[in-house]
Amino acid sequence: MRNLLNFLIKYNYWFLFLLLEVASFVLLFRFNRYQQSVFFTSANAVAGKVYELSGGLSSYFHLKAVNEDLLDRNMWLEQRVALLEKTLHDRGMDSVQLYSLQRTVPEDYTVMKAGVIKNSLNMADNYITLDRGRDAGIRPDMGVVDANGVVGIVYKTSAHYSLVIPLLNSKSSVSCKIVGSDYFGYLKWEGGDSRFAYLKDLPRHAEFNLGDTVVTSGYSTVFPAGVMVGTVDDMSDSHDGLSYLLKIKLATDFGKVSDVRVIARTGQDEQKMLEKEEEN
């Protein structure tokens, strides 16, 4: 207490000066309209800038929640589109083709949220780890997609985590076709650039153009037909010359994969069992 009093006594002139300065500014801006106007204009500008920065920071930290809401909304809209397509098809309008993220009616599959917690791009066999597992209903051989298209297939699961084989893996092989064509091939990644993979075994008599959209064929128990895969970037002949080898620019940016959805198809286990019995 004594030190505080000594400090105040020692610098009392400075405190008096500051007090008089504050009082003079208060009187100046309170009783003079011009100075008052300048003060409020400047104060509003500063406050506006502060609010703008605060709003920008707040929006940035809420982007994850916003992205999840948008993805959920997109999934719901795609389901409505698929249901509309089926209705039109049942009424004989076969020319109507709507290709997007999901191509089956809502009751044919369920969708589960998951987040990517580990990812790799530069290995021959890349893997993705998800923060959901068996306890969330995720099982091996379920398809994984994001808002852009196919990500991969669930390989293994534990109680709380899942390991996914993405398209960027030498073991990955996804049946695909070009929109507007019933001919299909198999998508394989040859290593190197994570933006591209190759569609193999497409028959020589199949018709297509550069830039055409490539989607899942639906000839598997994993993905329904019509899930976006990518676009045709280049073409060449296969090594045996009997089919095409198409370079596909993948729709999914694997360097930015964060929020994904796991697709569980109704009847998947039954179909797999039946096919396995036929093979034996």
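Residues numbered from 1 in each chain as written. Predicted model: local features only at pLDDT ≥ 70, side-chain atom pairs only at ≥ 80, totals over all residues. Heavy atoms only, no water.

1. With respect to the overall build of the protein chain
Then comes step 1: Along its length, the protein chain carries five helices and twelve strands.
Then comes step 2: Considering the protein chain as a whole, with its 280 residues, one finds that 32% of them fall into the buried category.
Then comes step 3: Intrachain contacts of the protein chain at a sequence separation of at least 6 include 57% that bridge at least 24 residues.
Then comes step 4: Of the roughly 17800 Å² of accessible surface on the protein chain, 57% is carried by carbon and sulfur atoms. (Helix = DSSP H or I, 4+ residues; strand = E, 2+ residues; numbered from the N terminus. Buried < 20%, exposed > 50% of the residue type's maximum accessible area, 1.4 Å probe, protein only. Contact = heavy atoms within 4.5 Å. Areas by Shrake-Rupley, 256 points an atom, 1.4 Å probe, with all protein chains shown as cover.)

2. Describing the sheet that holds strand 5 (residues 162-166)
Then comes step 1: Around the barrel, six strands lie side by side as 1-2-5-4-3-12; this closed barrel has antiparallel pairing. Strand-to-strand twist of the sheet, defined as the mean angle between neighbouring strand axes without regard to direction, takes the value 40 degrees. (Pairing = 2+ DSSP bridges. Axes fitted to C-alpha atoms, helices over the stretch in contact; angles between N-to-C directions.)

3. Here we look at the pairing of strand 8 (residues 196-203)
Then comes step 1: The pairing of strand 7 (residues 184-188) with strand 8 spans three bridges and is classified as antiparallel. In the sheet register, Lys188 faces strand 8, and the bridge partner there is Tyr198.
Then comes step 2: In this structure, strand 8 lies alongside strand 11 (residues 243-250), joined through six bridges in antiparallel fashion. Bridge pairing links Leu199 to Leu246 in strand 11.

4. Notes on the side chain of Ser162
Then comes step 1: As for its placement among the helices and strands, Ser162 is situated in strand 5.
Then comes step 2: Among the polar contacts made by the side chain of Ser162, one reaches the main-chain carbonyl oxygen of Arg132 at a distance of 2.5 Å.
Then comes step 3: In contact with Ser162, not counting residues within four places along its chain, are Ile128, Thr129, Leu130, Arg132, Gly133, Ile138, Val154, Lys156 and Thr157. (Polar contact = N/O pair within 3.5 Å; in protein donor to acceptor, adjacent residues only side chain to side chain.)

5. A look at the packing of aromatic side chains
Then comes step 1: For the structure shown, the criterion picks out four aromatic pairs.
Then comes step 2: The interplanar angle of 70 degrees and the centroid separation of 5.0 Å between the aromatic rings of Phe184 and Tyr219 together place this pair among those described as edge-to-face. Placement of the pair is Phe184 in strand 7 and Tyr219 in the loop between strand 9 (213-216) and strand 10 (228-237), with a sequence separation of 35 residues.
Then comes step 3: A relative accessible area of 47% places Tyr219 in the partly exposed class.
Then comes step 4: With 5.0 Å between their ring centres and 90 degrees between their planes, Phe208 and Tyr244 make a pair best called edge-to-face. Highlighted residues: Phe208 in the loop between strand 8 and strand 9 and Tyr244 in strand 11, separated in sequence by 36 residues.
Then comes step 5: In this structure Tyr244 comes out as buried when scored by relative accessible area, which is 13%.
Then comes step 6: Aromatic rings pair up to connect Phe184, Tyr186 and Tyr219 into one cluster. (Phe/Tyr/Trp six-rings, centres within 6.5 Å; stacked < 30°, edge-to-face > 60°.)

6. A word on the environment of Glu190
Then comes step 1: One can find Glu190 in the loop between strand 7 and strand 8.
Then comes step 2: Taking the relative accessible area as the measure of exposure, Glu190 reaches 47% and is therefore partly exposed.
Then comes step 3: The spatial distance from the C-alpha of Glu190 to the C-alpha of Ala124 is 8.4 Å, given a sequence separation of 66 residues.
Then comes step 4: Excluding residues within four positions of it along the chain, Glu190 makes contact with Tyr198 and Lys200.
Then comes step 5: Polar side-chain contacts of Glu190 include one of 2.6 Å to the side chain of Lys200.

7. Details of the confidence of the model for the protein chain
Low-confidence regions, as indicated by low pLDDT, have predicted coordinates that should not be scrutinised in detail.
Then comes step 1: On average, residues of the protein chain carry a pLDDT of 77, and 64% of them reach 70 or more.
Then comes step 2: Per-residue pLDDT, averaged within each element of the protein chain, yields its smallest value for helix 3 (residues 33-61) (60) and its largest for strand 5 (95).
Then comes step 3: Taken together, the stretch residues 94-106 has pLDDT below 50 and engages in 43 contacts with residues farther than four places along the chain or on a different chain. (pLDDT = per-residue confidence, 0-100.)

8. Quick look at the side chain of Ser175
Then comes step 1: For Ser175, the location among the structural elements is in strand 6 (residues 174-178).
Then comes step 2: Note on Ser175: relative accessible area 11%, which makes it buried.
Then comes step 3: A polar atom in the side chain of Ser175 sits 2.5 Å from the side chain of Ser217.
Then comes step 4: Dropping the residues within four chain positions of it, Ser175 is found in contact with Phe184, Gly185, Tyr186, Thr216, Ser217 and Tyr219.

9. Section: the pattern of salt bridges
Then comes step 1: Counted by the stated rule, this structure contains four salt bridges.
Then comes step 2: Across the pair Asp131 and Arg132 runs a salt bridge whose closest N-O atoms are separated by 3.5 Å.
Then comes step 3: On the basis of relative accessible area, Asp131 is assigned to the partly exposed category, the value being 26%.
Then comes step 4: Residue classification places Arg132 among the partly exposed residues on the basis of a relative accessible area of 38%.
Then comes step 5: Where Lys200 meets Glu190, a salt bridge forms, and the shortest distance between an N and an O atom there is 2.6 Å. Linking Lys200 in strand 8 with Glu190 in the loop between strand 7 and strand 8, this pair joins segments that are ten residues apart in sequence. (Salt bridge = Lys/Arg side-chain N within 4 Å of Asp/Glu carboxyl O.)

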